[in-house]
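# Structure at a glance
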Amino acid sequence: MEHDSQDKKPRMRYARYAVISLAALLILSLGFAVIPGEEPAPAPPTFTDQARAAALEDTLALRAAGLDLAATAAGNSGAGHPTQAVVTLLTLQARAFLPAGSPASPPASPSTPPGPAATSDPTASASPAPAAAPSEVELAKAMAASGSRRLKDAQQADGGMARLLAGAGTAQLLAARQLAAAAGEPGAVTGAAADQADATAGSSPLVGSAPTASPADCPFPAPDTTTAPLGSTPGGGSPAGGSLSVESAAGKTPGAGTAGAALAAVLQAQQKAAYGYQAAMPRLAAEDAGPASEFLQQHRAAAEETEYRLRLACQAARPQPAGYALDADFLSAPAAGLGTLEAAALPVYGDLVALTEGPDRIWALSLLESAVARTARWGADPGAVPGIVLDTAMLPALPAGG
């Protein structure tokens, strides 16, 4: 009996060891199942995200510098200083660049506006600025550098952000030139980057060399020759009301949302503008006749270039009507009417920027910049972000201290 009892003790001991080992293994397996694995690293920001963040940072820095300069000017000369308009412009642009529902980046020091960017990398840091508060010319130069950078980034950004960058950059360049002129140094700032400045209308091969698409190669439907574009009247008869196609600057183009539709809308806008300039020139003041003649040639060249690109895109252009409706207000104040006409067409160029890429987008950016310059020449307001119908009430507010 005693021998049997001694044999059972080791067996029980081994059984206990086995049970304990199984229990430990079970606990460990449950622990591994409960402990979450490592989260994957977040995806690196895209070029578009980096471009937006850089635009916001530069715009906030410019705005802070403008606030400093406006405060100094207000103490010296009172209200109405041109820097106040710059601050308003930059405030709206900064709000447009804010991510929806996200706070803004900490604003830069008011005494450090961004300098010229030496690279197209949207994350590249700006050149250091003088420690003292900037002068009007220094602020104009910094704003021109920022505008050129926005236009450079717009060449590569995604469609919607490209439109926003293009509008903001174009407006900054315009404001920089106006501020420099107000400071007595109109030649202190230059235009956009050289590669974009060269992308003028008519820079591609001549229109006559464009291949004519055949029905087999391009099965587009024949254009409707019985319907004139919306807002137009063949023969130039006067409508009951309204001005020269201002209500429908973009027109109604089938297949909206495509590059071909955007090109067709641009062609209509150019044709309408050319007609408007032809009607306005005999009624303009002598000092306005020269610029109007130049702008008319710009519209004609851009229309030819657009037709060329439409054929390359295998798109059929709508036949141009014989004329468009003019009302008494346009004829009595032709300069103001031309400004309104140019401003109303800006969203058409914004669409073209958003829906194209590569060399076509660079060309579209040049069209937008030229249209903004013409709009400003006639005293019309192109807006804080030309090319976008901006609803300021829907923009996020800047954070406190921004």
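An account of the accompanying structure is given in this report. (Residues numbered from 1 in each chain as written. Predicted model: local features only at pLDDT ≥ 70, side-chain atom pairs only at ≥ 80, totals over all residues. Heavy atoms only, no water.)

Moving on, we get to the overall build of the protein. When its secondary structure is counted, the protein shows 12 helices and 0 strands. Element order for the protein, N to C, with α for helix and β for strand: α-α-α-α-α-α-α-α-α-α-α-α. The buried share among the 402 residues of the protein stands at 41%. Considering only contacts within the protein whose residues lie at least 6 apart along the sequence, 81% involve residues at least 24 apart. Accessible surface, the protein: about 19900 Å² in total, of which carbon and sulfur atoms supply 59%. (Helix = DSSP H or I, 4+ residues; strand = E, 2+ residues; numbered from the N terminus. Buried < 20%, exposed > 50% of the residue type's maximum accessible area, 1.4 Å probe, protein only. Contact = heavy atoms within 4.5 Å. Areas by Shrake-Rupley, 256 points an atom, 1.4 Å probe, with all protein chains shown as cover.)

Quick look at the packing of aromatic side chains now. Within the structure shown, the criterion is met by 4 aromatic pairs. Ring centres 6.3 Å apart and planes at 50 degrees place the aromatic pair tyrosine 277 and tryptophan 378 in the tilted group. Of this pair, tyrosine 277 sits in helix α7 (residues 259-280) while tryptophan 378 sits in the segment after α12 (359-377), placing them 101 residues apart in sequence. Across the pair, tryptophan 378 and tyrosine 277 agree in class, each one buried. Among the aromatic side chains, those forming a connected cluster through ring pairs are Tyr277, Phe295 and Trp378. The ring centre of tryptophan 363 lies 4.2 Å from the NZ or CZ of arginine 309, which sits over that ring. Over the ring of tryptophan 378 we find arginine 377, and its NZ or CZ is 4.8 Å from the ring centre. (Phe/Tyr/Trp six-rings, centres within 6.5 Å; stacked < 30°, edge-to-face > 60°. Lys NZ or Arg CZ within 6 Å of the ring centre and 35° of its normal.)

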